[in-house]
Amino acid sequence: MHYLCTHKSLNMRKVIGIGETILDIIFKNEQPIGAVPGGSVFNGVISLGRAGVNCAFISETGDDRVGSNIIQFLKDNHVDADCVNVYPESKSPVSLAFLNAQNDAEYIFYKDHPHDKLDFTYPDIQADDIVMFGSFYALNPVIRQQMFAFLDYAHSRGAILYYDVNFRASHQNEVMKVSANILENFELADIVRGSKEDFEVMFGKHDAETVYRSHIDFYCKNFIYTQGAEAIEVRGAGKFAHSYPVRQTETVSTIGAGDNFNAGFVYGLLKNGISREMLETGLSTEQWDSLIGEASAFSANVCKSIHNSIDETFADEKRRELEVCLKEMEENNK
């Protein structure tokens with residue numbers, strides 16, 4: 001039986017993230033330059049919490065100093081951590097991120113949980129709340145039963161499901177084993193976002209249109225295809241198709257770039273009052289422009305530091321923007 005987590009009572013749609021937690025130790029020129037809590041969905045949820053969004057995070061962590069710091073970090077950034085389960089006698093995962101000359105990262109992961117499992121209480125989910133999920137965490141056969149049950153529940157409640165594929169080359173030999181899970185995620189999702197590298201690893205396909213027509217369109221109409229410094233390709237319900245140039249920015253680290261692209265897009269859904277029904281029938285060019293604009297702005301901001309989430313100055317600006325938009329929507333609905 002699942003019980004409801006409590007949330008702060010705010011006049012706002014909620015964002016619920018589900019994913020791994022990890023401590024990222026960052027190296028430059030083979031020397032450590034920082035250590036920050038991370039995880040692909042985690043990074044995006046932290047940014048949204050800073051930007052004034054009502055957020056909760058579902059995960060697990062070890063019963064150690066790192067785990068305690070991660071839970072406190074969530075709370076300090078206004079994210080509900082009630083659904084983070086702490087496993088006794090286990091150590092929290094750690095990753096080493098080595099930045100190259102372009103400030104892109106190569107990772108080594110260390111995980112010492114005695115066993116993988118996913119044990120959590122369901123948060124309260126209402127229509128048009130947003131669930132963010134992705135990476136191998138969303139495919140892992142060990143926790144798939146619990147993951148699928150939660151995603152199916154959120155879908156049945158009318159939530160918008162945002163799926164970031166984020167399939168690393170280190171899992172390439174597991175593609176066949178999790179292929180059914182990938183397709184289930186595509187079918188449950190209202191928006192699928194993936195990188196060129198993700199789909200090269202998973203399907204051996206190298207361009208957005210081929211990936212969309214061959215693997216996405218049948219299951220999910222709204223698709224975002226990112227390819228580093230090259231154009232962002234978008235395909236949407238109602239036969240929408242458009243390319244967006246990538247913002248040129250000097251980078252300190254690209255570790256959280258994709259994660260915060262997701263956060264910015266989700267922020268845009270809230271700011272623009274976009275519902276699941278609107279996603280199903282098709283968004284206008286202006287709405288897509290705004291969504292990709294927010295996603296790109298969040299992504300560009302996080303690249304300016306070694307931290308995995310947006311800075312406080314940018315977050316304050318976005319918090320004020322969101323408050324204004326929500327007040328306008330409230331007035332218009334009276």
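Everything discussed here concerns the structure shown above.
Predicted model only: the values in this text are computed from it and were never measured.

Draft legend 1. The overall build of the chain, seen in detail. Per the secondary structure count, the chain includes 10 helices and 16 strands. Taking 2.2 N^0.38 as the reference for a compact globule, 334 residues should give roughly 20 Å; the C-alpha atoms of the chain span a radius of gyration of 19 Å, in line with that estimate. For the chain, the spread of C-alpha atoms along the principal axes amounts to about 50 × 45 × 40 Å. Looking at the 334 residues of the chain, the share that counts as buried comes to 54%. The contacts in the chain between residues at least 6 apart in sequence include a share of 73% that link residues at least 24 apart. With an accessible surface of roughly 15000 Å², the chain has 50% of that area assigned to carbon and sulfur atoms. Distance between charge centroids for the chain: 2 Å, based on 30 positive and 48 negative side chains.

Draft legend 2. The arrangement of the pairing of strand 14 (residues 223-227) in detail. Counting buried positions along strand 14 yields 5 of 5 residues, so the element is predominantly enclosed. Residues Phe223, Tyr225 and Gln227 point to one face of strand 14 and Ile224 and Thr226 to the other, with burial holding for every one of them. Strand direction decides the pairing type here: strand 13 (residues 191-195) and strand 14, joined by 4 bridges, are parallel. By the bridge assignment, Gly194 is partnered in strand 14 with Tyr225. Pairing analysis gives 4 bridges linking strand 14 to strand 15 (residues 230-236), with the strands arranged antiparallel. Looking at the pairing, Phe223 lines up with Arg235 of strand 15. Between the end of strand 14 and the start of strand 15, which pair antiparallel, lie 2 residues, with Gly228 showing a positive phi angle near 65°.

Draft legend 3. Looking closely at the packing of helix 7 (residues 257-271) against helix 10 (residues 312-332). Contact geometry of helix 7 with helix 10 gives a least axis separation of 9 Å together with a crossing angle of 30°. Taken together, the axes of helix 7 and helix 10 lie roughly parallel to each other. Along the contact surface, helix 7 presents Tyr267, Leu270 and Lys271, while helix 10 presents Lys318, Glu321, Leu322, Cys325 and Met329.

Analysis parameters
Residues numbered from 1 in each chain as written. Predicted model: local features only at pLDDT ≥ 70, side-chain atom pairs only at ≥ 80, totals over all residues. Heavy atoms only, no water. Helix = DSSP H or I, 4+ residues; strand = E, 2+ residues; numbered from the N terminus. Rg over C-alpha atoms; globule rule 2.2 N^0.38 Å. Buried < 20%, exposed > 50% of the residue type's maximum accessible area, 1.4 Å probe, protein only. Contact = heavy atoms within 4.5 Å. Areas by Shrake-Rupley, 256 points an atom, 1.4 Å probe, with all protein chains shown as cover. Lys, Arg positive; Asp, Glu negative; His and termini not counted. Charge placed at Lys NZ, Arg CZ, Asp CG, Glu CD. Pairing = 2+ DSSP bridges. Axes fitted to C-alpha atoms, helices over the stretch in contact; angles between N-to-C directions. Parallel < 35°, antiparallel > 145°, perpendicular 65-115°, else oblique.

It is worth stressing that arrangement in space is one thing and function is another; only the former is reported here.
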